[in-house]
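Letter by letter, the chains look like this.
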Amino acid sequence: EAKARGKARVVVYEHAIGRARVERLEMVDDLRRAVARAEIEIAYQPIVDVDSGRIAGAEALARWRRDGVPVSPELFIGIAEESGLIVDLGESVLTAVAADAAVLHDQIDGPFVMTVNISARQLREPGFVELVARSLTAMNGTALVLEITERQGIDLDPLVLDAMHAIAAMGVRFAIDDFGVGFSSISYLRDIPVQIIKADGSLSHAIDSDERASALLRSVAHMGRSLGLEVVVEGIEREAQLTVLRDHGHQLYAQGFLLHRPMPIDDLLTTLRGDRTTSALTSVS
Ligand code: C2E
Ligand code: MG
Ligand code: MG
Ligand code: MG
């Protein structure tokens with residue numbers, strides 16, 4: 001009898017796994033359709049120069065509504081990575097961003113930097129360098145940064161390095177995203193053409209309340225600076241965090257909900273047509 005019950009439990013368990021797997025497959029299918037129909041939208045989150053308060057650029061963030069309901073990017077990007085869909089999704093994001101950047105370039109004064117997240121997998125695609133070249137041309141003068149995450153570690157095989165060097169030669173810069181939470185050794189900063197580090201939000205989380213946290217972020221900023229890299233600090237949600245960054249004394253860039261939330265391109269254009277300074281920063285000065 002105990003055996004029968006055990007067996008029943010196994011069946012229920014397999015059912016649950018089966019259901020989860022089916023749901024995931026359905027999601028992959030829906031996502032594939034959404035990518036093919038160009039239904040992936042982009043939200044832009046401004047990146048601000050901490051000293052001047054000026055918006056220097058924006059990060060493009062993919063958005064997907066599945067039957068009208070927003071799906072978390074962590075979830076659908078993860079699914080896209082696993083299924084290989086990230087290559088098509090990434091292409092559609094880059095193409096859409098380039099079109100928006102061209103409009104933006106016509107409507108605003110002064111330099112502007114668009115940053116786009118890419119997956120390391122895209123760097124292995126034979127057509128990727130060409131896609132970046134096309135996108136850059138379409139952007140019509142807006143600068144392009146590609147963010148690669150160090151979360152899974154960056155595999156520095158020659159294929160990836162060659163693609164990075166070819167892309168860097170076009171004047172496109174690379175940023176290491178989620179810096180400080182990944183698995184890889186920081187020695188790759190020596191080996192790959194990277195110009196920017198983005199300190200992960202978890203590093204800025206407690207900088208206004210915990211001396212060790214702020215010392216850690218300061219060290220990351222100093223390290224970046226001594227390597228000649230620009231440093232962007234993510235996850236700024238409170239005034240007090242901003243004060244820590246302002247007191248840092250070196251040029252830093254910041255991104256976070258306190259400064260600006262991710263927004264549709266039309267709102268970004270409206271914001272940039274104003275004076276391009278960020279109210280959260282002008283009010284503390
Ligand atoms: P990420 O590249 O590190 O992007 C920053 C994430 O932090 C965004 O989440 C943004 O909305 C969120 N964020 C910004 N300010 C704050 C803040 O003050 N507090 C908190 N708690 N969060 C803040 P989002 O849009 O959900 O994207 C999550 C991740 O999905 C991104 O992290 C990136 O790794 C990935 N992702 C998004 N779009 C793309 C894409 O087009 N391609 C690829 N490969 N990955 C993407
Ligand atoms: Mg990013
Ligand atoms: Mg990031
Ligand atoms: Mg992050």
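Predicted, not measured: the structure shown is a model, and the values here were computed from it.

A separate point is the packing of aromatic side chains. Tallying each qualifying case throughout the model produces one aromatic pair. Above the plane of the ring of F257 lies R261, whose end atom (NZ or CZ) is 4.0 Å from the centre.

What follows covers the coordination of the magnesium ion (ligand 3). Binding of the magnesium ion (ligand 3) to the protein goes through D177 (OD), E234 (OE) and E234 (OE), at separations of 2.0 to 2.4 Å. A separation of 3.7 Å is found between the magnesium ion (ligand 3) and the magnesium ion (ligand 2), both of which receive a donor from D177. You can see D177 sitting in strand β6 (residues 173-179) and its partner E234 sitting in the loop between β8 (230-233) and α9 (239-246), a full 57 residues away along the chain.

In the vicinity of ligand 1 there are 23 residues, among which R63, N117, D177, E237 and F257 approach most closely. The backbone of A62 places a nitrogen or oxygen atom 3.1 Å from a nitrogen atom of ligand 1. In this structure, E237 approaches ligand 1 through a side-chain N or O atom, which is 2.6 Å from a nitrogen atom. Out of a free accessible area of 800 Å², ligand 1 has 81% covered by protein chains. Broken down by element, the residue count for the shell around ligand 1 peaks at four residues, all from strand β2 (residues 55-66). Here the residues of the shell around ligand 1 sort into 10 nonpolar, five polar and eight charged.

Bringing the pattern of salt bridges into the picture now. Under the criterion given, the structure shown has 13 salt bridges. Of the charged contacts, one joins D30 and R33 as a salt bridge, the two residues approaching to 3.2 Å between their closest N and O atoms. In this pair, D30 and R33 are both assigned in helix α1 (residues 2-36), three residues apart and thus about one turn of the helix distant. Take R33: its relative accessible area is 40%, and that puts it in the partly exposed class.

Let us look at the packing of helix α3 (residues 86-107) against helix α10 (residues 265-273). One way to put it is that α3 packs onto α10 with a least axis distance of 11 Å and a crossing angle of 20°. Comparing their axes, α10 and α3 come out roughly parallel. For α3 against α10, the interelement crossing comes out right-handed. Each of D100, V103, L104 and Q107 in α3 lies in contact with α10, whose residues at this interface are I265, L268, L269, L272 and R273. Residues belonging to the contact of α3 with α10 are distributed by class as follows: six nonpolar, one polar and two charged.

With that settled, consider the side chain of S135. Structurally, S135 is set in helix α4 (residues 128-139). Of the residues examined, S135 reaches a relative accessible area of 4% and is grouped as buried. Beyond its immediate chain neighbours, meaning those up to four positions away, S135 contacts L94 and A98.

So, about the nonpolar core. Among the nonpolar cores identified, the biggest contains 79 residues, and L31, L123, L146 and I176 are the most heavily contacted of them. No other element matches α3, which puts nine residues into this core. Counting residues in each nonpolar core, the second largest holds seven residues, with I47, A175, I196 and Y253 among its members.

Reading guide: rules and limits
Residues numbered from 1 in each chain as written. Chains lettered and ligands numbered in written order. Predicted model: local features only at pLDDT ≥ 70, side-chain atom pairs only at ≥ 80, totals over all residues. Heavy atoms only, no water. Phe/Tyr/Trp six-rings, centres within 6.5 Å; stacked < 30°, edge-to-face > 60°. Lys NZ or Arg CZ within 6 Å of the ring centre and 35° of its normal. Donors = N, O, S within 2.8 Å, 3.2 Å for Na, K, Ca; no water. Helix = DSSP H or I, 4+ residues; strand = E, 2+ residues; numbered from the N terminus. Near = heavy atom within 4 Å. Polar contact = N/O pair within 3.5 Å; in protein donor to acceptor, adjacent residues only side chain to side chain. Areas by Shrake-Rupley, 256 points an atom, 1.4 Å probe, with all protein chains shown as cover. Nonpolar A, V, L, I, M, F, W, Y, C, P; charged D, E, K, R; others polar. Salt bridge = Lys/Arg side-chain N within 4 Å of Asp/Glu carboxyl O. Buried < 20%, exposed > 50% of the residue type's maximum accessible area, 1.4 Å probe, protein only. Axes fitted to C-alpha atoms, helices over the stretch in contact; angles between N-to-C directions. Parallel < 35°, antiparallel > 145°, perpendicular 65-115°, else oblique. Left-handed = near helix turned anticlockwise from the far one by under 90°. Contact = heavy atoms within 4.5 Å. Core = buried A, V, L, I, M, F, W, Y, C linked by side-chain atoms within 4.5 Å.

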